[in-house]
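Structural characterization, general
Take a look at the letters that make up each chain.
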Amino acid sequence: MNDAAAAHWQRIEAALDELQDLPAAEHALAIARHAGDDAALKAELQALAAALGGDDALLDQPAATLLTPPASSDAGLPVGHRLGPWRLLGLIGRGGMGEVYRAERDDGQFTQTVAIKLVRADAAGAAERFQRERQIVAGLDHPGIARLLDGGIAPDGRPYMAIELVDGQPIVAWCAARAAPLAQRLALFGEVCDAVAYAHRRLVVHRDLKPGNVLVTPEGRVKLLDFGVARMLDAPAGAATHELMFTPGYAAPEQFSGARPGTAVDVYALGLLLHELLVEQPAQPVAQLSLAAALQQVLQQDPLPPSRAARQRERPPLAPALLAGDLDAIVAKALRRDPDARYGSADELHADLQRHLRHEPVLARRGNWRYLAGKALRRHRALAGAALLLLLAIAAGSAAVGREARLARQQAERATAVQRFLLQVFAASDPRTASDKPRGQITARELLDAAVPRINAEFAARPELRIELLGAVSRIYRELGEKARYQALQQELLDVAQTQPGAFLAAQAEVWLDRAGDVLAASDIDLARQHVATADRLITQAGLDDSVLRAQWWVMAGQTRTLDGATERARAFDQAIALFERHAPHHPGKVTALTERGLVAYDGGDNETSLRWYRAALQAYETTVDRDDGEAQTIWGNLGQSQLNLGAYDDAEASFKAAAELARRTYGERHADYWVPAAVHARLLHLNGHRDAAMRMFDSLRSGMPQPPVDAEGWESTANYIDCLVAQGSAAQALPLALAAERYFALKPRTQGSLHRLWMRLGDAQDQLGQTDAARRNLEAAYRRYVDTEPPSRQTRMAATERWARFLLGRGEEAEAQRLFTEVLAADQGRGLAHAALAQAGLARVALAQGRWADADSASRGALVRWQQVRGFRDVRMGAYLHRTRAALLLAHGEAAAARPEAQAALDISSSADAPEASSLAETRALLARAVAAAPH
Amino acid sequence: MSLDETTRRTADSLVPLLYDDLRRIARRARWQVSAGSTMQTTALVHEAYLRLRRSEGFNDGPHFLRAAALAMRQILVNLARDAIAAKRGGGAERVPLDDAPELPAESASAILEVSDALDRLAERSERLADIVECRFFGGFSDEQTAQAMGVSDRTVRRDWIKARAWLRHELGLAADLPDVP
């Protein structure tokens, strides 16, 4: 555009800028000013000004709205048309996948009316896949799932499915129409969870759960539609395009990356469904948004918690207060971006809802076994002696409070005993305290229920005592899981405190810290930080910067600073510890602070330091006035993990044993929280060579678990069992378990480690059984995946590489094996890891195969020297392998006399550590026999 | 803001994806019981985005948005040309595919005219033309257009008013001019 034209345009733009802010009446004057003498410009501006306002039918809407769907001249198949044994009666409707007809069975035997879904030709995948998957889906027999009765391929090649005809209304609409109360909505949702859990146990994922697919029948029962349809129509794995069969507003984030969807996507969908059931509004409203906004919404923004979404509505179907707290947390846990952080199954979700209804502590707010949100504040506090006594007095119904108080002061030396007694009463009802005493829950609650109105009445004029008592009682309610009462008293406390501005700041700060802990467990970190900030102001204002309260504040601050970096977190906990030391060295909060401080070190990879902190935490725990055995179990588990990483083997075993024992006493043997620590403990025993003891533990553990396992803890503990079976040579026993576990882990992708580790075990077992092709596939796949995801120095990659190389060596592919063994050896970098020793032995075997005796000799000797000084993870059976390798080498070189002690050393280990059927045991025996035969003395 | 090479290339790879998806949506829409339902184009971008993320690995919001708008423009213009060619009785180089969404002849002409007029607008002000491309062809909201262009919402709204006025004048869409002395 030349200069003159550019200048002309400038003038036009400038004019339009002004004109759009002026009412039409003033346009003429402005135009005259801008145009001056230029008549052409004036005319142009006049025309443009006229075009400024008003609606434009064309330009105001996106162009895409002009598009229309291609005309459908298809009225569907006619009545009477036959598909297999079915006779079509009429078109019910058209769905996204194809046409739906009403049909009846007409083979003279009996009549049955169904819905027939006839799929569009291009929506279907391969016919054999359809038939294969149909078998699996047809096996779903559950009252909550619309039954797939029949199916097949129509003559024109289109697949069809005969499904139970369901008369019902979509669940959200059903509840809205009846203004269903919360309990009824949750009951219906529970039925949905049961149905989904049932299907998941048969490893069928829905993938497209949404309110439209969940109907409620006239009898008020739930029926899920389209279960398993996605898998039946799926394109074969590896196909170039992957038809995306999900509804964007109801899809889990990982579905957008095209990854194979696991059961976690259904858990996510259940979370969205629950949200919509509670708020009557989609959690991810995308329908009305423009392209880019919809995209952003789903991929970048997290849905609002239900209580907040409800608050934004003018007339929410359920009061936001009902939804806040537990239900918010439960929905949030189902909607985590990380699939592994969600509920492991629909059952778990349902169970948590039931806990909510029974006013028991909800798991969604507990976090995983290493996360101690708000623990410092949630434990029994060392109740102030006077407050306790007053409480006791009131509960005892004494009217003469003054007299009782005086008596209490005179009996000051018994205060601690009373305190302990009361705490025991409450503790006996708390499932988290390992105890064999009968539960006294009713008694404690009744005690408190009676006390509360009396507190309010009798201390109306003594706000400071009233606050202290309300605080104490509210926290005890919390321990008992009485959420509603806890929160009500908390609020009452705040109300009383605020009647005197500037007073009772400490009590208020405590409430805010309590609340911070509550919302933190519901993952609302921002809100938690706000509460922490509020508490901060109050504490400072109260002049309590050097106090136990400030110490508790620091713990909370550290826990809410998870994103701020290790140094900040460490500093916060250090401050807390120092303050506890100074003011209350036996406060349970100190245990939490020490443990958290250890976690900071652990997260930074500093296992040594974390050990020191954990030990300090355990020591503090021993001297704490009131103890939480659940917390102790966590600390023992953390300790064991760090010790394992450091190769402090026996210590790790002892730590996990302690953790498992505490878990057993606390939760019982039939509880998921017990299985993983128990399995890890058993595996440690096994790695140490105590095969019988380990196997006995596994047997007893597994008999207390559903078989096959149904949840993550069950499968994770089974993975440890598989590790041991394979290591000891029980390949035939391991193989079916490993195949089943692989199926589970593939559906539920945990951290990559679990699945790839499983591939290694699978390959190992198949190798032992001579299934060479399968073994090759799995071992190579594991190796390649580790190469893709980990640096060469990582021990897990070294292990996978060494194993793959050993397989190749066994198949005669020496060159590649040698290359890989060398790589593993180099990756050790002087750390003295076990796999370097194995690799060196591998090189010895290569050298022998190539006739380089000297190299073979020195390498196998070097491997054993390494083994003597091994550090970190190791299995005693590796030593047997090394001795065996050397023995074989020596025998091949004609040195039977030297070979014999090596073979014996190998057999000493193998005879107890390997299973009787192990090929390694047979091999070792054979070697020894040959050595003895060749050198009898 | 001019389109750089990368954006053009991205748009090019987007075109077949978006077009494919448009067809798929058209097919699904065909199966809706209620006639005359507008096509849900929102689903379209979800699928395109994921493929692009996997293949190109880019994360740049504005880059993607600009490319998507450009790609949608190309698609709509192609559909419009097909519709007009089909009306004239076929024999055109481009054979309309089975499940392509349809454009009534009037709408098709309108789209082509807007696109041509947009080219002329771009000669005068690239910024205004880009805004039209985002809003009209891309279907973006004011906020999304602002994000794509790296300007404020307010700038977008004001620019849109100017651009729209110019286009309406250029295309003869404006109502009768009032008498202005």
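You'll find the structure just up there.
What counts and what doesn't
Residues numbered from 1 in each chain as written. Chains lettered and ligands numbered in written order. Predicted model: local features only at pLDDT ≥ 70, side-chain atom pairs only at ≥ 80, totals over all residues. Heavy atoms only, no water. Helix = DSSP H or I, 4+ residues; strand = E, 2+ residues; numbered from the N terminus. Buried < 20%, exposed > 50% of the residue type's maximum accessible area, 1.4 Å probe, protein only. Contact = heavy atoms within 4.5 Å. Pairing = 2+ DSSP bridges. Axes fitted to C-alpha atoms, helices over the stretch in contact; angles between N-to-C directions. Parallel < 35°, antiparallel > 145°, perpendicular 65-115°, else oblique. Left-handed = near helix turned anticlockwise from the far one by under 90°. Nonpolar A, V, L, I, M, F, W, Y, C, P; charged D, E, K, R; others polar. Phe/Tyr/Trp six-rings, centres within 6.5 Å; stacked < 30°, edge-to-face > 60°. Lys NZ or Arg CZ within 6 Å of the ring centre and 35° of its normal. Expected span 1.5 Å × (residues − 1). Core = buried A, V, L, I, M, F, W, Y, C linked by side-chain atoms within 4.5 Å.

Observations regarding the overall build of chain B
- Per the secondary structure count, chain B includes 7 helices and 0 strands.
- Moving toward the C terminus, one meets the helices and strands of chain B in the order α-α-α-α-α-α-α.
- Residues counted as buried form 54% of the 181 residues belonging to chain B.
- In chain B, 69% of the contacts between residues at least 6 apart in sequence involve partners at least 24 apart.

Remarks on the sheet that holds strand β8 (residues 214-216) of chain A
Residue and element names in this part refer to chain A.
- With respect to topology, 3 strands assemble into an open sheet ordered β7-β8-β9, the strand pairing being antiparallel. The open sheet has two edge strands with one neighbour each: β7 (169-170) and β9 (222-224).
- Looking at chain direction, β7 and β8 are connected through 2 bridges and run antiparallel. Counted as the bridge partner of Gln169 is Val216 from β8.
- This element, helix α6 (residues 182-201), spans β8 and β9 of the sheet and lies at about 40 degrees to β9.

Brief notes about the packing of helix α22 (residues 525-541) of chain A against helix α23 (residues 548-559) of chain A
Residues and elements named next belong to chain A.
- Between α22 and α23, the shortest axis-to-axis distance is 11 Å and the interhelical angle comes to 160 degrees. The orientation of α22 relative to α23 falls into the category roughly antiparallel. By crossing handedness, the relation of α22 to α23 is classed as left-handed. Along its contact with α22, which presents Val532, Ala535, Asp536, Ile539 and Thr540, the element α23 presents Leu549, Arg550, Trp553, Met556 and Ala557.
- Class assignment for the residues of the contact of α22 with α23 results in 7 nonpolar, 1 polar and 2 charged.

Digging into the packing of aromatic side chains
Residue and element names in this part refer to chain A.
- Applying the stated rule across the entire model yields 8 aromatic pairs over all chains.
- Three or more aromatic residues joined by ring pairs form one cluster here, namely Trp715, Tyr744 and Phe745.
- Across from the ring centre of Trp553, 4.6 Å away, lies the NZ or CZ of Arg550, which sits over that ring.

Focus: unusual backbone geometry
All names here are of chain A.
- Looking along the chain, the bond that leaves Gln707 and enters Pro708 is cis, with omega of 0 degrees.
- Inspection of the secondary structure assignment puts Pro708 in the loop between α30 (691-703) and α31 (712-727).
- Phi at Leu203 is positive, roughly 60 degrees, even though this residue is not glycine.
- Positive phi outside glycine occurs at Glu280, with the angle close to 60 degrees.
- Assignment of secondary structure puts Glu280 in the loop between α8 (263-279) and α9 (291-300).

Quick word on α6(A)
All names here are of chain A.
- Look at α6: 28 Å from first C-alpha to last across 20 residues, which is about the 28 Å you get at 1.5 Å a residue.
- The buried fraction of α6 is high, at 14 of 20 residues.
- Looking one or two places after α6, you find Leu203, whose phi comes out positive at around 60 degrees.

Structural notes on the pairing of strand β5 (residues 148-153) of chain A
Residues and elements named next belong to chain A.
- Looking at chain direction, β5 and strand β6 (residues 159-164) are connected through 5 bridges and run antiparallel. Bridge pairing in β6 places Gly151 opposite Met161.
- The hairpin formed by β5 and β6 contains 5 residues between the paired strands, and Gly157 there has a positive phi angle of roughly 90 degrees.

Regarding the nonpolar core
Residue and element names in this part refer to chain A.
- Formed by 68 residues in total, the largest nonpolar core has its most connected members in Ile171, Phe189, Val192, Leu224, Leu270, Leu278 and Ile330.
- Apart from residues lying up to four places away in sequence, Leu270 is in contact with Phe189, Val192, Cys193, Val196, Leu209, Ala346 and Leu349.
- Listed in part, the 60 residues of the second largest apolar core include Leu469, Val473, Ala507 and Phe573.

Description of α31(A)
Residues and elements named next belong to chain A.
- In this model, α31 (16 residues) spans 23 Å end to end at C-alpha, consistent with the 22 Å of a helix rising 1.5 Å per residue.
- Judged by how many residues are buried, α31 sits mostly within the fold: 14 of 16 residues are covered.
- Where α31 ends, the next residue or the one after it, Gly729, has phi of about 90 degrees, a positive value.

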